[in-house]
Amino acid sequence: MSTPHVVVVMGVAGTGKTTIGPLLAASLGVPYAEGDDFHPADNIAKMSAGVPLDDADREPWLDAIGRWAHGRTGLGGVVACSALKRTYRDRLRAAAPDVEFLHLTGDRALIERRMAERKGHFMPTALLDSQFATLQPLQGDEAGVAVDVAGSPQEITERAVAALRRLEN
């Protein structure tokens, strides 16, 4: 890509944001930030207890990610953030107008299976339905691409890089 952009790797829990994000960052030669690291402790405790976050819970988290993305403007970066609603993405764009989104999409059964197989993550599979209910896919006026999560992490990353390059042209 010509000018390094900040790419937000978005999607419901279990789509592989934490796996694909670092691989994408390495492919693009930019730093990676894990969106979960921006959550206040109260948010993590709430999700760990199986309670979905509400919009008020997400505001400080989105603002922290937005500040990171703004700081990487012109330098590039990749950050994982579910960014499930248009309003969340608008909030991120308000902080970093040139941000682009990589929406990891996929079959619900595949995503649920991957969630069940991962170890040590605070997000239980019980919250997957609330994630899908909240999801508002990228709209035509949003800078971004959708990539299916079927296949190996390397295959997904290659598709993501190719799609982001097409977005640039």
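Residues numbered from 1 in each chain as written. Predicted model: local features only at pLDDT ≥ 70, side-chain atom pairs only at ≥ 80, totals over all residues. Heavy atoms only, no water.

- An unreviewed UniProt entry annotates the protein chain as Gluconokinase originating from Streptomyces tirandamycinicus.
- What UniProt states about the protein chain under its Catalytic activity (unreviewed entry) heading is, verbatim, "D-gluconate + ATP = 6-phospho-D-gluconate + ADP + H(+)".
- Per UniProt, the comment on the protein chain under Pathway (unreviewed entry) is "Carbohydrate acid metabolism." (UniProt positions renumbered as here; feature names shortened; annotations may be inferred.)

**Structural notes on the overall build of the protein chain**
In step 1: The number of helices and strands found in the protein chain is seven helices and five strands.
In step 2: When the helices and strands of the protein chain are placed in sequence order, the string is β-α-β-α-α-β-α-β-α-α-β-α.
In step 3: At 15 Å, the protein chain has a C-alpha radius of gyration in line with the 15 Å of a compact globule built from 169 residues.
In step 4: Counting only C-alpha atoms, the protein chain reaches 45 × 35 × 30 Å along its principal axes.
In step 5: Across the 169 residues that make up the protein chain, the buried fraction comes to 44%.
In step 6: A separation threshold of at least 6 residues defines the contact pool for the protein chain, and within that pool the share at least 24 residues apart is 74%. (Helix = DSSP H or I, 4+ residues; strand = E, 2+ residues; numbered from the N terminus. Rg over C-alpha atoms; globule rule 2.2 N^0.38 Å. Buried < 20%, exposed > 50% of the residue type's maximum accessible area, 1.4 Å probe, protein only. Contact = heavy atoms within 4.5 Å.)

**Thoughts on the sheet that holds strand E2 (residues 32-33)**
Sheet strands line up and pair through hydrogen bonds in the backbone, either parallel or antiparallel.
In step 1: Spatially, the five strands line up as an open sheet ordered E2-E3-E1-E4-E5, and their pairing is parallel. This sheet does not close on itself; its edge strands, each paired only once, are E2 and strand E5 (144-148).
In step 2: For strand E1 (residues 6-10) and strand E3 (residues 77-80), the ladder comprises four bridges, and the chain directions are parallel. The partner of Val-7 across the bridge, within E3, is Val-78.
In step 3: Running at roughly 170° to E3, helix H3 (residues 55-71) makes contact with E1, E2 and E3 of the sheet. (Pairing = 2+ DSSP bridges. Axes fitted to C-alpha atoms, helices over the stretch in contact; angles between N-to-C directions.)

**What about the pattern of salt bridges?**
In step 1: Under the counting rule described, the total for this entry stands at 14 salt bridges.
In step 2: With a shortest N-O distance of 4.0 Å, Lys-46 and Asp-54 are connected by a salt bridge.
In step 3: Residue classification places Lys-46 among the partly exposed positions, given a relative accessible area of 24%.
In step 4: Across the pair Glu-142 and Arg-93 runs a salt bridge whose closest N-O atoms are separated by 3.1 Å. Residue Glu-142 is located in the loop between helix H6 (128-134) and E5, and its partner Arg-93 is located in helix H4 (residues 86-95); the two are separated by 49 residues in the primary sequence.
In step 5: Glu-142 sits in the buried class, given a relative accessible area of 6%.
In step 6: The network of salt bridges with common partners includes Arg-86, Arg-89, Asp-90, Arg-93, Asp-141 and Glu-142. (Salt bridge = Lys/Arg side-chain N within 4 Å of Asp/Glu carboxyl O.)

**Details of unusual backbone geometry**
Excluding glycine, a negative phi dihedral is what most residues carry, and trans is how most peptide bonds are arranged.
In step 1: One non-glycine residue, Ala-83, adopts positive backbone phi at about 45°.
In step 2: According to the relative accessible area criterion, Ala-83 is buried, its value standing at 0%.

**Examining the nonpolar core**
In step 1: Core analysis: the biggest nonpolar cluster contains 42 residues, and Val-8, Leu-24, Cys-81, Leu-92, Phe-101 and Leu-102 have the highest contact counts within it.
In step 2: Here Leu-24 is in contact with Val-7, Val-9, Val-78, Leu-102, Thr-157, Ala-160, Val-161 and Leu-164, once residues within four sequence places are set aside. (Core = buried A, V, L, I, M, F, W, Y, C linked by side-chain atoms within 4.5 Å.)

**Details of the environment of Gly-29**
In step 1: Locating Gly-29 in the fold gives a position in the loop between helix H1 (17-28) and E2.
In step 2: Between the alpha carbons of Gly-29 and Gly-77 there is a distance of 8.4 Å; along the sequence they are 48 residues apart.

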